[in-house]
Amino acid sequence: MKALLGGVAIGALLVAGGLYVYKGMDSGTDVGNPAAGTDAAVTSEPTVDDAEQFLADAETELREFSEFGARTAWVQNNFITYDTNWLLERMSTQSTEMAVRLATETARYTDLDLPGDAERKMGVLRAGITLPAPNDSAAAARLSELTTRMGTAYSAGTMEIDGEQVDHNELENIMRTSRDPEFLAHVWNGWRRAYDPAQMSSDYAEMVDIANQGARDLGFDNLAQMWLSNYDMPADEMEAEVERLWGQVAPFYEELHCHVRANLNELYGDEVQPAEGPIRADLLGNMWAQGWSSLSDVASVGDSEPAYNLTELLEGAGYTPVQMVETAETFFTSLGMAELPETFWERSLITQPRDRQVACHASAWNLDSEDDLRIKMCTRVNADDFVTVHHELGHNFYQRAYNHQDFLFQNGAHDGFHEAIGDFIALSVTPEYLVQIGLLDESDMPGADADLGLLMDTALDKIAFLPFAVMMDQWRWQVLRGEIQPENYNEAWWELRNSYQGITPPVDRPADAFDPGSKYHIANNVPYLRYFLSHILQFQFHEAACEMAGWEGPLHRCSIYGNEEVGERFNAMMEMGAAQPWPDALEAFTGTRQMDGSAIIAYFQPLMERLQEENQDRNCGW
Ligand code: X8Z
Ligand code: ZN
């Protein structure tokens, strides 16, 4: 299980989704027994040597189980049936028991003065479980039953349109392309009835109780605190960091919101989208209003039309999904990295099979902690998915770069780093790059007058995403702290959606609605803070890389394609994995030890100045 980034959460362990931290585990026997074994070892004071031995044994056990777990999860994700769910549940129960047993055992060594590496590994074992259970197998089994049911409900959900059952992959496509407000509201609402919301809500509440008890047993106040303890600083300091970073970028979002709302009002009229107040969530070109790049045609600024439409370029060139992945791979190899192994191409799932149920949400996997790398993605030929294939390969190249590390360090510097690698590469998909790879004709190369349009396209993706990413885990943290109770799940969800994103549902929410479950990462328990951090970090990486490359023009025109020197320094950071605190990794590549919004602000500055001017006479905010 280790390696699944972005995929299925395996109970406690991290398999996918949670993936990272650690990975797999064992056989379910000996739950609760100290690894050290003998009575003497249990009763006498442990030594530093005992601690080192415990860690070595734990890494061996985890590594072994991780491959079994990952292969089980891979099969279930690629072939969702009654039996594969059964297998996943069984494996996930075992992995939770193992993870919790090892985390509990770390308490024996807390008073020792351990070498830095050992101390770090203890921290990973103790805090790195996405969903811990109390130390008894009935609780672990129940947790696994709940998480499997929620995950499957998400992947298997469909709604009927014109007599056909339509899955979420196709529904997402409709949200991206339709401009019919009635149909959009219908599809938006239909997806939120495609799973049983009452069942999912009650499963979620029960899961929260079990996992919170698990977190308390490990010495945390609740699971929110445990999740926030994985950033090389105390949980409350990390939470304050998030507030600080959001404060830096929130003013940009407000300008973008104001502009887009005005354009939607012009397109649809007051009845559909009023000129003031929140934006109707289904009009933003995305099922969750988390990325608005498909509104490129609607959201142009001034007379600055988008210079080109990447979806049309891909279609025009007859690109296939496999070619999109090959193109992304070539970007990485142009930086000096080795090609993906042949098995990547043999074993990955790149398009949606029609004859069976699969988990379509994109994910990247390393099944054997070495180089059995794969992606699983129901790829479509469009601009969004072009970015996503780079995103997924970023996970794979990171996994391979750190695969020589000790098992507990085979991970991102923090989870935001893992999410930022491929997005950073995709920031180099500039007009000049598209000409280089033959997707854009040289004669169509946009001049400086197209800059605002280009920046707008990227802002619709990156800036629009920021408040969504913050509110997702604000909701979860409040749920996990008991500040939001099950009867208020949906109401609190919409209060946060309104307050952070300034959006409102297109239709009244029924009393039994559970709209958080419409998002993969809630139904599958993948923490979301990582994506917010990634959106800050990827611009820091880009700024530093362009400076290294000696780039002097505007940041959005800089591409590091083919730059092996930058590639070498980037790879050096990736090779560190989680072996050092993340500020060391950040410093190795960017020279700074802080996450900071100034890079994303600098990138979009010309657009923001323009929007501020344009919005001057508008009543912005909601
Ligand atoms: O879940 C993902 C990746 C897999 S880690 C496809 N992303 C987030 C999402 O889809 O909500 C990438 C960006 C945000
Ligand atoms: Zn990802």
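Further up the page is the structure itself.
Thresholds, definitions, all that
- Residues numbered from 1 in each chain as written.
- Chains lettered and ligands numbered in written order.
- Predicted model: local features only at pLDDT ≥ 70, side-chain atom pairs only at ≥ 80, totals over all residues.
- Heavy atoms only, no water.
- Core = buried A, V, L, I, M, F, W, Y, C linked by side-chain atoms within 4.5 Å.
- Buried < 20%, exposed > 50% of the residue type's maximum accessible area, 1.4 Å probe, protein only.
- Helix = DSSP H or I, 4+ residues; strand = E, 2+ residues; numbered from the N terminus.
- Contact = heavy atoms within 4.5 Å.
- Patch = residues over 30% accessible without salt bridge, like charges linked within 9 Å, V, L, I, M, F, W, Y side chains within 5 Å.
- Areas by Shrake-Rupley, 256 points an atom, 1.4 Å probe, with all protein chains shown as cover.
- Salt bridge = Lys/Arg side-chain N within 4 Å of Asp/Glu carboxyl O.
- Lys, Arg positive; Asp, Glu negative; His and termini not counted.
- Charge placed at Lys NZ, Arg CZ, Asp CG, Glu CD.
- Disulfide = S-S within 2.5 Å.
- Phe/Tyr/Trp six-rings, centres within 6.5 Å; stacked < 30°, edge-to-face > 60°.
- Lys NZ or Arg CZ within 6 Å of the ring centre and 35° of its normal.
- Near = heavy atom within 4 Å.
- Polar contact = N/O pair within 3.5 Å; in protein donor to acceptor, adjacent residues only side chain to side chain.
- Donors = N, O, S within 2.8 Å, 3.2 Å for Na, K, Ca; no water.
- Tetrahedral: all angles 85-135°; square planar, octahedral: opposite > 155°, others 65-115°.
- Pairing = 2+ DSSP bridges.
- Expected span 1.5 Å × (residues − 1).
- Bend = angle between axes of the 7 residues up to and from the residue.

Student: Requested: an account of the nonpolar core, with residues and values cited.
Tutor: Counting residues in each nonpolar core, the largest one holds 173 residues, and the members touching the most others are Trp292, Trp475, Phe532, Phe541 and Phe604. Sorting elements by how many residues they give to this core places helix 17 (residues 451-480) first, with 19 residues. In this structure, Trp292 is in contact with Tyr253, Leu256, His257, Val260, Ile279, Leu284, Leu460 and Ala464, ignoring residues within four places of it in sequence. The next biggest cluster of nonpolar side chains, apart from the first, holds 23 residues, and it includes Leu55, Met98, Val124 and Leu125.

Student: So what's going on with a negative patch on the surface? Residues and values would help.
Tutor: Together, Asp49, Asp50, Glu52 and Asp117 line one region of the surface with negative charge. In terms of residue count, the dominant contributor to the negative patch is helix 2 (residues 48-78) (three residues). You can call Asp49 exposed: its relative accessible area is 59%.

Student: Just give me the short version of the state of the cysteines, but keep the residues and values in it.
Tutor: Here the structure, examined in full by the defined rule, presents three disulfides. Here Cys360 connects covalently by a disulfide to Cys378, the sulfurs 2.0 Å from one another. Disulfide Cys360 to Cys378: torsion about the S-S bond roughly -85 degrees, handedness left-handed. In this pair, Cys360 sits in the loop between helix 13 (342-347) and strand 5 (363-366) while Cys378 sits in the loop between strand 6 (373-376) and helix 14 (383-401), placing the two residues 18 residues apart along the sequence. The same class applies to Cys360 as to Cys378, namely buried. Across the disulfide, Cys546 is cross-linked to Cys558 (sulfur-sulfur distance 2.1 Å). Of note, the bridge from Cys546 to Cys558 carries an S-S torsion of about -100 degrees and is left-handed in sense. Pair noted here: Cys546 is in helix 20 (residues 529-548) and Cys558 is in the loop between helix 20 and helix 21 (564-575), with a separation of 12 residues, a long-range link. By the burial criterion, Cys546 is buried, and Cys558 matches it.

Student: So what's going on with the packing of aromatic side chains? Residues and values would help.
Tutor: By the definition in use, this model includes 38 aromatic pairs. Geometrically, the ring pair formed by Tyr154 and Tyr520 is edge-to-face, given 5.6 Å between the ring centres and 80 degrees between the ring planes. Taken together, the positions of Tyr154 in helix 5 (residues 137-156) and Tyr520 in helix 19 (residues 520-523) put the pair 366 residues apart, joining distant regions of the chain. Put simply, the rings of Phe417, Phe424, Phe541, Phe570, Trp582 and Phe589 pair up and form one aromatic cluster. If you follow Lys121 out to its NZ or CZ, it ends over the ring of Phe409, 5.3 Å from the centre. The side chain of Arg374 reaches across the aromatic face of Trp74, ending 4.8 Å from its centre.

Student: Explain the site of ligand 1 to me, and be specific about the residues and the numbers.
Tutor: Neighbouring ligand 1 are 13 residues, the closest being His361, Lys519, His521, Tyr528 and Tyr531. Residue His361 places a side-chain N or O atom 2.7 Å away from an oxygen atom belonging to ligand 1. For ligand 1, the protein covers 88% of the area, taking 370 Å² as the surface of the free molecule. The element that contributes the greatest number of residues to the shell around ligand 1 is helix 14, accounting for three residues.

Student: Can you explain the coordination of the zinc ion (ligand 2)? Please cite residues and give values.
Tutor: Here the zinc ion (ligand 2) is held by His391 (NE2), His395 (NE2) and Glu419 (OE), and the distances to it run 2.0 to 2.1 Å. What the four donor atoms of the zinc ion (ligand 2) show is an angle range of 91 to 128 degrees at the metal, which sorts the shape as tetrahedral. Expressed as a motif, the donor residue spacing for the zinc ion (ligand 2) is H-x3-H-x23-E. A residue pair is termed a helical-turn pair when its members lie 3 or 4 positions apart in one helix, as His391 and His395 do in helix 14 at four residues. In this pair, the class of His391 matches that of His395, namely buried.

Student: Please set out the side chain of Thr93 residue by residue, giving values where relevant.
Tutor: Structurally, Thr93 is set in helix 3 (residues 82-105). Given a relative accessible area of 12%, Thr93 falls into the buried group. The residues touching Thr93, leaving out its near neighbours within four places in the chain, are Ser137, Ala140, Ala141 and Ser144.

Student: Any details on a nonpolar patch on the surface? Residues and values, ideally.
Tutor: Residues Tyr82, Trp86 and Leu87 make up a contiguous nonpolar surface patch of roughly 390 Å² in combined accessible area. Tracing the chain through its elements places Trp86 in helix 3.

Student: A description of the side chain of His414 should follow, citing residues and the corresponding values.
Tutor: Locating His414 in the fold gives a position in the loop between helix 14 and helix 15 (415-426). A polar contact is formed between the side chain of His414 and the backbone nitrogen of Gly416, at a distance of 2.9 Å. Not counting chain neighbours up to four residues away, the residues in contact with His414 comprise Asn230, Tyr231, Leu533, Leu537, Trp582 and Met595.

Student: Describe the pairing of strand 2 (residues 158-161), with residues and values.
Tutor: Burial along strand 2 is one-sided: Met159 and Ile161 are buried, while Thr158 and Glu160, pointing the other way, are not. The sheet contact formed by strand 2 and strand 3 (residues 164-167) spans four bridges and is antiparallel. Its bridge partner lying in strand 3, Glu160 is registered against Gln165. Hairpin connection, strand 2 to strand 3: the antiparallel pair is bridged by two residues, and Asp162 has positive phi, about 50 degrees.

Student: For the pattern of salt bridges, give the residues involved together with the corresponding values.
Tutor: Applying the stated criterion across every chain, the model contains 29 salt bridges. Salt-bridge contacts for Arg63 lead to Glu370; the nearest nitrogen and oxygen are separated by 3.7 Å. Taken as a pair, Arg63 in helix 2 and Glu370 in the loop between strand 5 and strand 6 lie far apart in primary sequence, 307 residues in all. Assessed through its relative accessible area of 43%, Glu370 is described here as partly exposed. Between Arg71 and Asp372 there is a salt bridge, with the nearest N and O atoms lying 3.1 Å from each other.

Student: Explain the environment of Thr147 to me, using residue names and the numbers behind them.
Tutor: Tracing the backbone through its elements, the reader meets Thr147 in helix 5. Sequence-wise, Thr147 and Asp372 are 225 residues apart; in three dimensions their C-alpha atoms are separated by 26 Å. Look past the residues within four positions of Thr147 in its chain and what remains in contact with it is Leu131, Met207, Ala523 and Asn525. There is a polar contact of 3.1 Å between the side chain of Thr147 and the backbone oxygen of Ser144.

Student: How would you sum up helix 17? Please name residues and give values.
Tutor: For helix 17, built from 30 residues, the straight-helix expectation of 44 Å at 1.5 Å per residue is met to within 8% by its first-to-last C-alpha distance of 44 Å. Taken as a whole, helix 17 carries its principal kink of about 45 degrees at Ala459. In terms of residue burial, helix 17 counts as a mostly covered element, since 27 of its 30 residues are buried. Immediately downstream of helix 17, the backbone of Gly482 shows phi near 80 degrees, a positive value.

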